[in-house]
Amino acid sequence: MKGTNTLQLPKEHVKLAIQKEGRLTESTLELLHTAGLHIEAYKQRLFSSCRNFPLTVLFVRDDDIPEYVSEGVVDLGIVGKNLVVETQQVVEELLPLNYGHCTLTVAIPRESSIENIQQLAGRKIATSYPITTKKFFEEQNIDVDIITISGSVEVTPALGVASAIVDLVSTGSSLKLNDLVPLKTVLQSQSLLIAHPASVQDETKAPLIDSLLMRFRGVMNARSFKYIMMNAPTKNVPAITELCTGLRSPTVLPTADPEWVAVHIAVPEDDFWNIIEQLRILGSQGILVTPIEKLFL
Ligand code: AMP
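First, a word on what this report is: a plain description of the structure on this page.

Calculation rules
Residues numbered from 1 in each chain as written. Predicted model: local features only at pLDDT ≥ 70, side-chain atom pairs only at ≥ 80, totals over all residues. Heavy atoms only, no water. Pairing = 2+ DSSP bridges. Helix = DSSP H or I, 4+ residues; strand = E, 2+ residues; numbered from the N terminus. Axes fitted to C-alpha atoms, helices over the stretch in contact; angles between N-to-C directions. Contact = heavy atoms within 4.5 Å. Phe/Tyr/Trp six-rings, centres within 6.5 Å; stacked < 30°, edge-to-face > 60°. Buried < 20%, exposed > 50% of the residue type's maximum accessible area, 1.4 Å probe, protein only. Salt bridge = Lys/Arg side-chain N within 4 Å of Asp/Glu carboxyl O.

1. Considering the sheet that holds strand S5 (residues 92–96)
- In space, the 6 strands of this open sheet follow the order S2-S3-S1-S4-S11-S5, with mixed pairing throughout. A single partner strand is all that each edge strand has here, and the edge strands are strand S2 (47–49) and S5. Taking each pair of neighbouring strands and ignoring which way they run, the sheet shows an average axis angle of 25°.
- Sheet topology note: the S5/strand S11 (residues 191–195) ladder contains 4 bridges and is antiparallel. Each bridged residue has a counterpart across the sheet, and for Pro-96 the counterpart in S11 is Leu-192.
- Contacting strand S1 (14–19), strand S3 (55–60), strand S4 (76–80), S5 and S11, helix H6 (residues 205–223) runs over the sheet at an angle of about 25° to S5.

Shown next, in the form of structure tokens:
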């Protein structure tokens, strides 16, 4: 295609910025792939065109994504909410994507005598998120001394640089490794699809953005449900229907034995094990579980 080495793209192309290399990259590429968007190999490239959709994907540092989106350098971005909040850029939050979950957390040394955030008044707090941290403590009316550190924030208490840190935590293993314990959550984060406000109003781009949103929602819905097929006692169908409120209603099919029916339902992933247990209590047998590839609600 003409223009693969420049950003002089046809006007009807939507540009999406994603993290070039880091925690979100693999899941983001997987989301694009599952949504049927075939992008060319990206290593060593700034951007790639999508083969089967008018989309160009830019590979950049994730810290820069909110600014690129708010400035309209790109129409869309996929980035952690933590960066959207910290950079304070004006962007439209279109869709939480349910990966890259983490919390921005106040943490203190395990041995610390501090028991609540009020006791941090007058103390030094090290963080890579100074704006979010400042706003958080101001809202609580606690006056702290914020020290901005660009990396390895978790080592600062041991070095005597700070009494507490505010850092991203997902599994908590990094805190443990540094003998720190969480004290308070500042922000819950996950990856978000964000948009340049004018792009979602643009008459050529808006339909393309809507189409991408539909695809992403289809993938995410599918991930949050499992499809179950089972044999169930006919008399328990009302109780089973009540259990499975995820989608509109189960499909109930007769079998050769009038006392048994075949039931097909989609159950929410979050409640999956609980529902399976209940289905077994209700006498269901031969419960077959399959993943759903796409689901449009
Ligand atoms: P990184 O590749 O380390 O720059 O992280 C990219 C993004 O992953 C962050 O901005 C967060 O949105 C998200 N993330 C999820 N878990 C963590 C974590 N434990 N530490 C840092 N970032 C995390």
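2. Some details on the packing of aromatic side chains
- Following the criterion strictly, the structure yields 2 aromatic pairs and no others.
- On the numbers, 5.1 Å between centres and 80° between planes, the contact of Phe-136 with Phe-137 is edge-to-face.
- Ring geometry for Phe-272 against Trp-273: centres 5.0 Å apart, planes inclined by 75°, an arrangement best described as edge-to-face.
- On the accessibility criterion, Trp-273 (64% relative accessible area) is exposed.

3. Things to note about the pattern of salt bridges
- Applying the stated rule across the entire model yields 10 salt bridges.
- Residue Arg-223 pairs with Glu-30 through a salt bridge whose shortest N-O separation is 3.8 Å. Note that Arg-223 is positioned in helix H6 and Glu-30 in helix H1 (residues 25–34), a separation of 193 residues in sequence.
- Overall, Glu-30 belongs to the partly exposed group, its relative accessible area being 45%.
- In this structure, Asp-63 engages Arg-61 in a salt bridge whose closest nitrogen and oxygen atoms are separated by 3.2 Å.
- Residues joined in a network through salt bridges with shared partners are Arg-61, Asp-63 and Asp-64.

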